[in-house]
Amino acid sequence: MFLSIIIPHYNLSEPLLKRCLDSILAIELPAEQYEIIVVDDGSDTPPRWITETYTTANIKLIESEHNCQGAARNIGIEAAKGRYIQFVDADDTLQCNNAIPQCINKLQQERPDLLRFKYRVCPKYKAPNKKCEQQVTFGNTISGAAYTANNNLPANVWCYFVKAELLKRKNIRFTHGIFHEDEEFSTILHYHAQTLVECDADIYNYCIRKSSTITARSAANVEKRLTDRMTVLERLATFRATTVTQSNSIQKKALQRKLTTLVV
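A brief structural summary. (Residues numbered from 1 in each chain as written. Predicted model: local features only at pLDDT ≥ 70, side-chain atom pairs only at ≥ 80, totals over all residues. Heavy atoms only, no water.)

Description of the nonpolar core
Here's step 1: Counting residues in each nonpolar core, the largest one holds 75 residues, and the members touching the most others are Ile7, Phe161 and Phe185.
Here's step 2: Counting residues per element, this core draws most heavily on strand E8 (residues 196-207), which supplies six residues. (Core = buried A, V, L, I, M, F, W, Y, C linked by side-chain atoms within 4.5 Å. Buried < 20%, exposed > 50% of the residue type's maximum accessible area, 1.4 Å probe, protein only. Helix = DSSP H or I, 4+ residues; strand = E, 2+ residues; numbered from the N terminus.)

Some details on the pattern of salt bridges
Here's step 1: One pass over the structure, following the stated rule, counts 13 salt bridges.
Here's step 2: Among the salt bridges present, the one from arginine 73 reaches aspartate 89, with a minimum N-O distance of 3.0 Å. With arginine 73 in helix H3 (residues 68-79) and aspartate 89 in the loop between strand E4 (84-87) and strand E5 (93-94), the pair connects residues that are 16 residues apart, well separated along the chain.
Here's step 3: Arginine 73 gets classed as buried once you look at its relative accessible area, which sits at 1%. (Salt bridge = Lys/Arg side-chain N within 4 Å of Asp/Glu carboxyl O.)

A closer look at the side chain of glutamate 35
Here's step 1: Locating glutamate 35 in the fold gives a position in strand E2 (residues 34-41).
Here's step 2: Despite its burial, glutamate 35 pairs with no opposite charge, the nearest such side chain being lysine 60 at 4.6 Å.
Here's step 3: Separated by 2.5 Å, the side chains of glutamate 35 and serine 4 make a polar contact. (Lys, Arg positive; Asp, Glu negative; His and termini not counted. Polar contact = N/O pair within 3.5 Å; in protein donor to acceptor, adjacent residues only side chain to side chain.)

Below you can see the structure in the form of structure tokens.
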């Protein structure tokens with residue numbers, strides 16, 4: 001098994017989750033090459049229809065108690081059998097083109113810790129275009145810290161493939177029960193990644209949804225987001241303090257840049 005695609009799910013409508021799954025299956029990767037792990041985070045009605053609808057696909061449903069998206073992703077990491085992991089949100093989709101197979105070939109050839117790709121913001125959903133093809137260009141291999149030191153590192157965990165062995169060896173996991181858990185996860189992951197390749201492949205469709213966790217604007221939601229951002233800042237500051245003696249100059253610069261960006 002080469003690739004594990006982890007999808008956290010919570011109280012999403014069946015059509016949206018089905019849209020996500022169908023976009024992955026439309027890429028037509030060899031069955032022995034990948035698995036899809038849907039982790040239901042304590043939904044009122046778990047999507048048990050998955051196993052009945054997709055009887056021939058490599059899709060596994062794991063049900064858990066509600067503990068937010070980070071916890072669901074952690075469960076997926078523990079269950080993953082692939083050498084690489086890709087995170088996909090249940091209300092988003094993947095591009096149906098030849099980019100992912102090219103990225104998989106690159107991963108098989110060079111085995112980097114991280115392979116970063118591009119994403120599109122989609123205010124309105126567009127059906128996949130199976131005839132769309134692109135020739136992917138890959139950059140030089142650098143470290144994850146070098147990337148962070150010279151770029152404003154996005155928090156999005158769905159814009160890269162990550163080596164499962166690195167997550168398990170360094171025990172890199174999401175903090176449970178908070179927003180912005182991806183800020184902490186991605187920062188620590190890039191700190192530890194010795195090899196990173198970036199490419200220009202358009203792979204991910206970030207589909208804007210008014211009722212999503214990110215777009216909700218209730219007073220309680222805004223307050224929690226601010227509180228949790230402070231929590232992430234404090235946790236990353238502690239991480240920097242505990243690793244300062246073993247960090248090289250690029251890693252120190254990377255952490256400083258990320259912390260400054262979050263504060264601003």
